[in-house]
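# Summary of the model geometry
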Amino acid sequence: MVESRHACPGHCGATVARHLLACRDCWWRLPLDLRRRVTSTYARRDRDPGAHRAAMLATFAWYDAYRRAS
Ligand SMILES: [Zn+2]
């Protein structure tokens, strides 16, 4: 079975499994409040999918604003 993967939103060039938002490195450089927002809305995404989508969009916007200097 081929696992579905997508590009890491952190502009690092990695691909990550579909059920993960970002690769481990990019995940841990997210600010704590954003990580909390993503995980808490993910836990109740069936009841409130809009909140989780909004949290993910906020995360993608953060990655765009804070690209890793390389
Ligand atoms: Zn990454």
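Preceding this section is the structure that the text describes.
Residues numbered from 1 in each chain as written. Predicted model: local features only at pLDDT ≥ 70, side-chain atom pairs only at ≥ 80, totals over all residues. Heavy atoms only, no water.

## Some remarks on the packing of aromatic side chains
Operational definition: Pairing of aromatic rings covers Phe, Tyr and the six-membered ring of Trp, with a centre-to-centre limit of 6.5 Å; geometry is then stacked below 30 degrees between planes, edge-to-face above 60, and tilted otherwise. Charge over a ring is defined by NZ of Lys or CZ of Arg lying within 6 Å of the ring centre and within 35 degrees of the ring normal.
Tallied over the entire structure, the rule returns two aromatic pairs. Pairing W62 with Y63 gives two aromatic rings, centres 5.7 Å apart and planes at 75 degrees, and the pair type is edge-to-face. Ring geometry for W62 versus Y66: centroids 4.9 Å apart, planes at 25 degrees, classification stacked. Among the aromatic residues, those joined into a ring-pair cluster are W62, Y63 and Y66. Cation over ring: R45 sits above Y42, and NZ or CZ is 3.9 Å from the ring centre.

## Topic: helix α3 (residues 49-65)
Note the following rule: Helix and strand definitions follow DSSP, with helices as H or I runs of at least four residues and strands as E runs of at least two, each counted in order from the N terminus. Expected helix span is computed as 1.5 Å times (number of residues minus one). The buried label goes to any residue with under 20% of its type's maximum accessible area, the exposed label to any with over 50%, and the partly exposed label to all in between, with areas taken from a 1.4 Å probe on protein chains only. Directions from the helix axis toward the C-beta atoms define the arc. In what follows, residue pairs with any heavy atoms lying within 4.5 Å of each other are defined as contacts.
In this model, α3 (17 residues) spans 24 Å end to end at C-alpha, consistent with the 24 Å of a helix rising 1.5 Å per residue. When we look at burial in α3, the residues that qualify are A51, H52, A55, T59, W62 and Y63. Down the axis, α3 shows its buried residues gathered within 120 degrees of arc, on one side only. Across from the buried face of α3, at angles greater than 90 degrees, the exposed residues are R53, L57 and A65. Against α1 (24-29) and α2 (32-43) lie the buried residues of α3.

## Re the coordination of the zinc ion
For clarity, the threshold we go by: Donor atoms: N, O and S within 2.8 Å of the metal, or within 3.2 Å for Na, K and Ca. Because water is excluded, sites can look incomplete. Under this scheme a four-donor centre is tetrahedral when all angles range from 85 to 135 degrees, a four-donor centre is square planar and a six-donor centre octahedral when opposite donors are above 155 degrees with the rest from 65 to 115, and any other centre is irregular.
Protein coordination at the zinc ion: the donors are C8 (SG), C12 (SG), C23 (SG) and C26 (SG), at 2.2 to 2.3 Å from the metal. One can describe the donor arrangement at the zinc ion as tetrahedral, given that its four donor atoms subtend angles of 103 to 114 degrees at the metal. Judged by its relative accessible area of 32%, C12 falls in the partly exposed class.

## Concerning the packing of α2 against α3
Here is the rule: To obtain each axis, a line is fitted to C-alpha atoms, and for helices this fit is confined to the stretch in contact; angles are then taken between N-to-C directions over 0 to 180 degrees. Orientation labels follow simple angle bins: below 35 degrees gives roughly parallel, above 145 gives roughly antiparallel, 65 to 115 gives roughly perpendicular, and whatever is left gives oblique. Left-handed is the label given to a crossing in which the near helix is rotated counterclockwise from the far helix by less than a right angle, and right-handed is the label when the rotation is clockwise.
Closest axis-to-axis distance for the α2/α3 pair is 8 Å, and the angle between their directions is 155 degrees. Looking at the two axes, α2 sits roughly antiparallel to α3. Remark: the crossing between α2 and α3 carries left-handed chirality. Touching L34, R37, V38, T41 and Y42 of α2 are A51, H52, A54, A55, A58, T59 and W62, all from α3.

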